[in-house]
Structure formats: structure tokens, C-alpha cells
Amino acid sequence: MNLVDRFLQYVKFDTQSDELTNMTPSTPGQMIFAEYLKEELEKMGLEDISLDNNGYLMATLPSNTNDSIPTIGFIAHLDTSPDMSGRHVSPRIVENYDGKDIVLNQNEEIILSPAEFPELLNYVGQDLIVTDGTTLLGADDKAGIAEIVTAIDYLKNHPEIKHGKIRIAFNPDEEIGLGAHKFDVDAFGADWAYTMDGGEIGELEFENFNAAVAKVSFSGRNVHPGYAKHKMINSMRIANQFIIMLPRWETPEHTEDYEGFYHLVSMEGTVEKTVLTYIIRDHDRDRFERRKKELEHLARKINHEFPNCCSIEIKDQYYNMREKIEPMMHIIEIAKEAMLGENVTPKVQPIRGGTDGAQLSFKGLPCPNIFAGGLNFHGRYEFVPIQSMEKASDVIVGIAKIVAERSK
């Protein structure tokens, strides 16, 4: 089975994760997909294949040389985003893309247009896999899985390419922030790894946000509005006061690159009680800590005006993996060299989000992120150029070769 056939087969599996189930994996489709992959890896003849009850699948391609070579790993996630349905995905291939509008769904007038998505024009003349406009595609991260399996299959069938021991892993629930939580780093046993979970061709990332979630609760007092003067305390109005106290321009819609933000993701309220949920993001650890302290400071100001009205709970989610990667920058240089060897220009940039690699890095497995090739993730306009997927798979092979060559 070739790379494209694998990918088209993989996207048939409905693997949306769900943060409300409190199970691992959070949805049964992920385990069904993992079992399918386990059988495929067995047929390929890989070794040390394991699939635990939480849906973490691991396998080994043994070294084919007696040289002492570090064990490297490649990781991708099984789940797709809860943001849009991943059921009954119906992909099609747009061959030799001509730079014009792509009609995804004529009946519903859903069009993938370079007027709205100008990045399409970077792929004129290439072959694009798109959706039918009713679901996401699932390139995040089934493209990564297909690229890893294809690269490992290639290495296994080309013993003339010398490589060390290679570990691969496919994990559940990355999209709900839980992909690394039950990942057994010791059992994986790699010196370092790469997640194949980036976006467009060339992406290479070893910096991500420091992240926290804050729940800010406001207590009010309800009284009949006709007789409420000096009695009612409307928690929603106080919550609104809190919202406008935060810097207006430090929000996702006004920031880019290394700029952090406060992001109000939900607001639920009545007169008696209102809860705001924020996510806090910043690449710089000191600024990240200051952002958390600012929320606490504003809560105290609210309580000074409305005694005991406001309470706040802040929980860290993950940290910037740069501090764990910097002592091992050779693993970034290896990835760059592998990309350049495939005529891919490395685009080293910070992730304005998180990745399993960040959490894994803090668990003792340094793990930068490499492109998988897809664009417009998590929605109906998602697409992936076949040529980008092929390059990603070639980069995996290149990394294996370079690590072996550097160890001579």
C-alpha cells in the first residue's frame, strides 16, 4: 500500500476525540483505528508491537547495523478534532491544481477559494486531497501516521539504507490536550523523537506556548428587578467589568508570532452566578507568570469593590519545550539537514499552540515537531498536498540515515 492509499484508508476511521467522556481513549473509534494499525504493523514485520488499554500503540524497526546509534522515535496522534465531524469523510484528489476555486460541495455551495485561502496558490500544479465540505479531512494527524508508516515500510524494504533502532508510536486524544498524559516514555525507550504533526511543508518547531486555563467565578444576588435597587448584585455585569479590565489588544485576534494573549473561550451566567473560562498563552515563561498574576490581581480589585464576589482557579496545562530542546539542538540540525536533502526549505517558527511534543519533552523525551503537510486543520476547508506528504515521509527516512551516518 502506498502513502496516498494509506491516508485515504485511514481517514475512513471516525476518531474524533471528546473531552467530556473522561476515558482514555476518549472515543471508541480511536481504539478501532489503533487495532487496525497494529495489524498493519504486524504484517509489515515490525517488532515489539504493543497496544495498551489506553490506546497507545508502539512498535520497533530494529537496527540493521552493528554501529552504536541513538534510538530515535516518530510519533503521531490517532484522533481528529472535536471541532467538526470526522465521520463518513469523503475525500477526493484534485489533480494538477490550476489555482482556481475548488467546489467542495455543489449542492451546499461550499467552495475552497484562493480568495479566502491564498495559501492554495503555493500549490498550483500539485495534487491536493480535499473534503466534500461536510466534514474535516483528518490530515491532522492521519497524514502524519501515513507518512511514518510509509517511511518505516520503505526502510524495512531497503536494507541498504543503514539506520539504528527506530521506535514509532501513535497516541490518542492529542486534540483535547491529553495525548501525552499516559504516554510511557520509559517503555518507548527513544533518546529523542519527532512528532509528525506540523502544518505546511517545511515547518520545524521546537518552541510552543506556555499554557494555562483560568476559571473566574462571580457570585451575585438575585432580587425581583422591580424592587432591586441597592439589593441586586448581577454577577454577569460584574463579569463584564472584569472582561474589559484586561488589555484589549492582548487577544488572539490581535496577536501573532511571539505575542501572548488572554483568550475568553466561554461565558456562562445568570444573575446569581457567572463563570468565565480563559486560556492564557505566552512563549516567554516570565511573561506567562505575569499574565497569571494579572488575572489574580484583577480578581482582588473586583473583590475590593464587591466583597467575596470573585474567585479564581488557574491551572497550568503545558510549558514551552524550548528549554528542554536547547541542550540538544543537534536534533534540530538533523531535521534541517534531512529537509534540505529533500529540497525542502526549513521554516523554523514558534507554535502558537501546544503539541504532544511539549509535554513529552518535559517527561524526558525531547520531541520537536515536523510538518505533516496539511492546511486549514479542524474544518471543512482542510486540504493536504500529496507532494507535501511525500516529502514528509522522505524526511523521516533522511533523519534515520543522517543519525546513522553521524554515529560512525
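As the structure is a computational prediction, the values presented were derived from the model and not from experiment.

**Some thoughts on the overall build of the protein chain**
A count of helices and strands for the protein chain gives 10 helices and 17 strands. At 24 Å, the protein chain has a C-alpha radius of gyration in line with the 22 Å of a compact globule built from 408 residues. Each of the three principal axes of the protein chain carries a C-alpha extent, and together these read 85 × 50 × 40 Å. The buried share among the 408 residues of the protein chain stands at 52%. Looking at the protein chain alone, contacts between residues at least 24 apart form 78% of all its contacts between residues at least 6 apart. In the protein chain, 41 positive and 65 negative side-chain charges are present, and the distance between their average locations comes to 6 Å.

**Comments concerning the pattern of salt bridges**
According to the stated counting rule, one finds 16 salt bridges in the structure shown. Among the ionic pairs, Arg285 bridges to Glu289, the shortest N-O distance being 3.5 Å. In this pair, Arg285 and Glu289 are both assigned in helix α6 (residues 285–305), four residues apart and thus about one turn of the helix distant. Residue classification places Arg285 among the partly exposed residues on the basis of a relative accessible area of 32%.

**Considerations on the packing of helix α1 (residues 3–10) against helix α3 (residues 139–156)**
Axis separation between α1 and α3 bottoms out at 9 Å; the angle between their running directions is 140°. Our classification of the angle between α1 and α3 gives oblique. Seen along the crossing, α1 lies across α3 with a hand that is right-handed. Here Leu3, Arg6, Phe7 and Tyr10 of α1 lie close against α3, whose contacting residues are Ala139, Lys142, Ala143, Ile145, Ala146, Glu147, Val149, Thr150 and Asp153. Across the contact of α1 with α3, the residue classes tally to eight nonpolar, one polar and four charged.

**Here we look at the pairing of strand β3 (residues 72–77)**
Where burial is concerned, most of β3 is hidden: six out of the six residues are buried. Here β3 shows no split at all, with Ile72, Phe74 and Ala76 on one side and Gly73, Ile75 and His77 on the other all buried. Bridge count between β3 and strand β8 (residues 166–171): six bridges; the pairing is parallel. Following the sheet pairing, Ile75 is matched in β8 by Ala169.

**Considering empty space enclosed by the protein**
Evaluation of the coordinates by the stated rule reveals one cavity of 30 Å³ or more. The calculated volume of the largest cavity comes to roughly 30 Å³. Along its surface, the largest cavity is lined by Ile75, Ala76, His77, Asp141, Asn171, Thr195, Asp197 and Asp356. When residues of the lining of the largest cavity are assigned to their parent elements, the largest contribution, three residues, is made by β3. Here the lining of the largest cavity is built from residues that sort into two nonpolar, three polar and three charged.

Cut-offs applied
- Position labels on residues start from 1 in each chain and follow its written sequence.
- Totals for whole chains, interfaces and linings use all residues, but because this is a predicted model, local features are given only for residues with pLDDT of at least 70 and pairs of side-chain atoms are given and counted only at 80 or more.
- Calculated side-chain values reflect all of the structure's heavy atoms, with hydrogen atoms and water omitted.
- Strands are runs of DSSP state E lasting at least two residues, helices are runs of H or I lasting at least four, and both sets are numbered from the N terminus onward.
- For the radius of gyration, the atoms used are the C-alpha atoms, and the globule rule reads 2.2 Å times the number of residues raised to 0.38.
- Accessible area is worked out with a 1.4 Å probe on protein chains only. A residue is then buried under 20% of its type maximum, exposed over 50%, and partly exposed in between.
- Note on contacts: a residue pair qualifies if any of its non-hydrogen atoms lie within 4.5 Å across the two residues.
- A positive count includes Lys and Arg, and a negative count includes Asp and Glu. His and the chain ends are not counted in either.
- Each charge is placed at NZ for Lys, CZ for Arg, CG for Asp and CD for Glu.
- The term salt bridge refers to a side-chain nitrogen of Lys or Arg lying within 4 Å of a carboxyl oxygen of Asp or Glu.
- Every angle, taken between N-to-C directions, lies between 0 and 180 degrees, and every axis is a line fitted to C-alpha atoms, over only the stretch in contact when it is a helix.
- Should an angle lie under 35 degrees it is considered roughly parallel, over 145 roughly antiparallel, and from 65 to 115 roughly perpendicular; all remaining angles are considered oblique.
- Handedness of a crossing follows from how the near helix is turned relative to the far one, being left-handed for an anticlockwise turn of less than a right angle and right-handed for a clockwise one.
- As a working rule, the residues Ala, Val, Leu, Ile, Met, Phe, Trp, Tyr, Cys and Pro are called nonpolar, Asp, Glu, Lys and Arg charged, and the rest polar, with Gly in that last group.
- The pairing criterion is simple: DSSP has to find at least two bridges between the two strands.
- Only protein atoms enter the 1 Å grid, on which a cavity is a set of points fitting a 1.4 Å probe that cannot get out and a pocket is an open set with protein on both sides within 12 Å along at least 5 of 7 lines, lining residues being those with an atom within 4 Å of a point.
- Grid points are joined across faces, edges and corners, and a volume is the space filled by probe spheres set on the points.

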